[in-house]
Amino acid sequence: MRIAFCLGLVAALLGVIPAKADEACLGPIARHAPRAPDGTPILPAALQSGEVRLTYVGHATFTIETPGGVTAATDYNDYVRPEAPPDVATMNHAHSTHFTHAPDPAIRHVLRGWGRAGEMPKHDLQERDLRVRNVPTNIRGGWGEARTEFYGNSIFIFEAAGLCIAHLGHLHHTLTPEHLAAIGQVDVVLAAVDGSWTIDLSGIAEVIGQLRPKMVVPMHYFSERVLQNFLSKMTETHAIERAGSTSVVLSRATLPQRPTIRVLERMFER
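Residues numbered from 1 in each chain as written. Predicted model: local features only at pLDDT ≥ 70, side-chain atom pairs only at ≥ 80, totals over all residues. Heavy atoms only, no water.

All right, on to the overall build of the protein chain then. Across its full length, the protein chain carries five helices and 14 strands. Burial status across the protein chain gives 51% buried among its 270 residues. When contacts within the protein chain are restricted to residue pairs at least 6 apart in sequence, long-range pairs at least 24 apart make up 57% of them. Carbon and sulfur atoms make up 55% of the accessible area of the protein chain, which totals about 12000 Å². (Helix = DSSP H or I, 4+ residues; strand = E, 2+ residues; numbered from the N terminus. Buried < 20%, exposed > 50% of the residue type's maximum accessible area, 1.4 Å probe, protein only. Contact = heavy atoms within 4.5 Å. Areas by Shrake-Rupley, 256 points an atom, 1.4 Å probe, with all protein chains shown as cover.)

Further remarks concern the side chain of Arg 53. Its location among the elements puts Arg 53 in strand S1 (residues 52-58). In terms of polar contacts, Arg 53 uses its side chain to reach the side chain of Glu 65, at 2.9 Å. Those residues within four positions of Arg 53 in sequence are excluded, and the remaining contacts are Pro 44, Ala 45, Ala 46, Leu 47, Thr 63, Ile 64, Glu 65, Ser 247, Val 248 and Val 249. (Polar contact = N/O pair within 3.5 Å; in protein donor to acceptor, adjacent residues only side chain to side chain.)

A few words on the packing of helix H4 (residues 201-211) against helix H5 (residues 224-234). Where H4 contacts H5, the two axes come as close as 11 Å, and the packing angle between them is 50°. Taken together, H4 and H5 sit at an angle that is classed as oblique. Here the hand of the crossing between H4 and H5 comes out right-handed. Where H4 abuts H5, its residues Leu 201, Ser 202, Ile 204, Ala 205 and Ile 208 lie against Asn 229, Phe 230, Lys 233 and Met 234. In the contact of H4 with H5, the residues fall into six nonpolar, two polar and one charged. (Axes fitted to C-alpha atoms, helices over the stretch in contact; angles between N-to-C directions. Parallel < 35°, antiparallel > 145°, perpendicular 65-115°, else oblique. Left-handed = near helix turned anticlockwise from the far one by under 90°. Nonpolar A, V, L, I, M, F, W, Y, C, P; charged D, E, K, R; others polar.)

Spatially, S5-S4-S3-S2-S1-S13 is the arrangement adopted by the six strands of the open sheet, whose pairing is mixed. If you trace the sheet from one side to the other, it starts and ends with strand S5 (109-112) and strand S13 (247-250), each paired once. This sheet shows a mean twist of 20° between the axes of neighbouring strands, independent of strand direction. (Pairing = 2+ DSSP bridges.)

Sheet architecture is open: eight strands sit in the order S6-S7-S8-S9-S10-S11-S14-S12, paired in mixed fashion. Of all the strands in the sheet, just strand S6 (124-127) and strand S12 (239-242) have a single pairing partner and so form its edges. Strand-to-strand, the axes of this sheet are offset by a mean angle of 25°, without reference to chain direction. Here four bridges tie S6 to strand S7 (residues 130-140), and the two strands are oriented antiparallel to one another. Across the sheet, the residue bridging to Glu 127 is Leu 130, located in S7.

Here the protein chain averages 86 in pLDDT, and 81% of its residues register 70 or above. In the model, residues 1-32 has pLDDT below 50 throughout and makes 69 contacts with residues more than four positions away in sequence or in other chains. (pLDDT = per-residue confidence, 0-100.)

In this section: the nonpolar core. Counting residues in hydrophobic clusters, the biggest one holds 56 residues, and the most contacted among them are Leu 54 and Leu 168. Those residues in contact with Leu 168, other than ones at most four positions away along the chain, are Asn 153, Ser 154, Ile 155, Val 189, Leu 190, Ala 191, Ile 204, Val 207, Leu 211 and Met 219. Formed by seven residues, the second largest nonpolar core is a distinct cluster that contains Ala 73, Met 91, Ile 107 and Trp 114. (Core = buried A, V, L, I, M, F, W, Y, C linked by side-chain atoms within 4.5 Å.)

Here the focus is empty space enclosed by the protein. All told, the structure shown has two cavities of 30 Å³ or more when counted by the stated rule. In this structure, the second largest cavity occupies an estimated 30 Å³ of space. Around the second largest cavity sit Val 52, Ile 64, Leu 130, Phe 158, Glu 159, Ala 160, Leu 163 and Ile 165, which together line it. Looking at the lining of the second largest cavity, the elements with two or more residues in it are strand S8 (148-160) and strand S9 (163-167). With three residues, the single largest contributor to the lining of the second largest cavity is S8. Partitioning the lining of the second largest cavity into residue classes produces seven nonpolar, no polar and one charged. (1 Å grid on protein atoms, 1.4 Å probe; cavity = no way out; pocket = protein on both sides within 12 Å on 5 of 7 lines; lining within 4 Å. Points joined across faces, edges and corners; volume = space filled by probe spheres on them.)

Turning our eyes to something else, we now look at the environment of Leu 264. Mapped onto the elements, Leu 264 comes out in the segment after strand S14 (260-263). Owing to a relative accessible area of 1%, Leu 264 belongs among the buried residues under this scheme. Between the C-alpha atoms of Leu 264 and Glu 241, which are 23 residues apart in sequence, the distance is 8.9 Å. Beyond its immediate stretch of four places on either side in the chain, Leu 264 contacts Leu 54, Tyr 56, Phe 62, Val 217, Tyr 221, Ala 243, Ser 245, Thr 246, Ser 247 and Val 248.

Here you go:
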């Protein structure tokens, strides 16, 4: 069950990290909302009660919008970010594309997913009709560091409109029974599927099996080939759907009956 974690730990202890990590994640700074061919901004339709809008900005950043108009952005950073500042920003710090030292001052709540001085990060925030909480996990040490950083990553769970969405962050290992109990039942999982910088493909498949969500949305992949490697691994257990857009409106009534991988287009390539 923890083979992927053990292999990652061995790699960390031996100093076997594939390349300088920050270089793999850098991408264009994203600031622009989608526009029609004539340049007119495309404004999303208002959400109904019981609906949540999920938009893939790029890399590991999504925006989550509630019926009450609350917005949250995951792994908020300086390279790929939504045009408008969210109400809530969550961050992880495995690499610089997952956090910023200078979040927009207009953001009401900035939730850091890593511990300081060995302390476990603890968040349980209620912002109008959105609840955000975290479950800490560990990460391998950085480039040249043969150690494990305890509480270096957080799985952030977003609860709104009767839905539970889990963003796995820069996950490096499979989940323990204690993790699973703290996370609870989730409907949608946003999962890093690069297979190298985070957990390997066998490991992420195991994590998805542990969590058993109705829908998985892939993130943190660097090419179509890498994405296809993940999709190919999941075809026996999941339906594969391509949304053909950067956003999807979710509700309990429209969740798929069969476990499904839903691929969203990236608003920005990283």
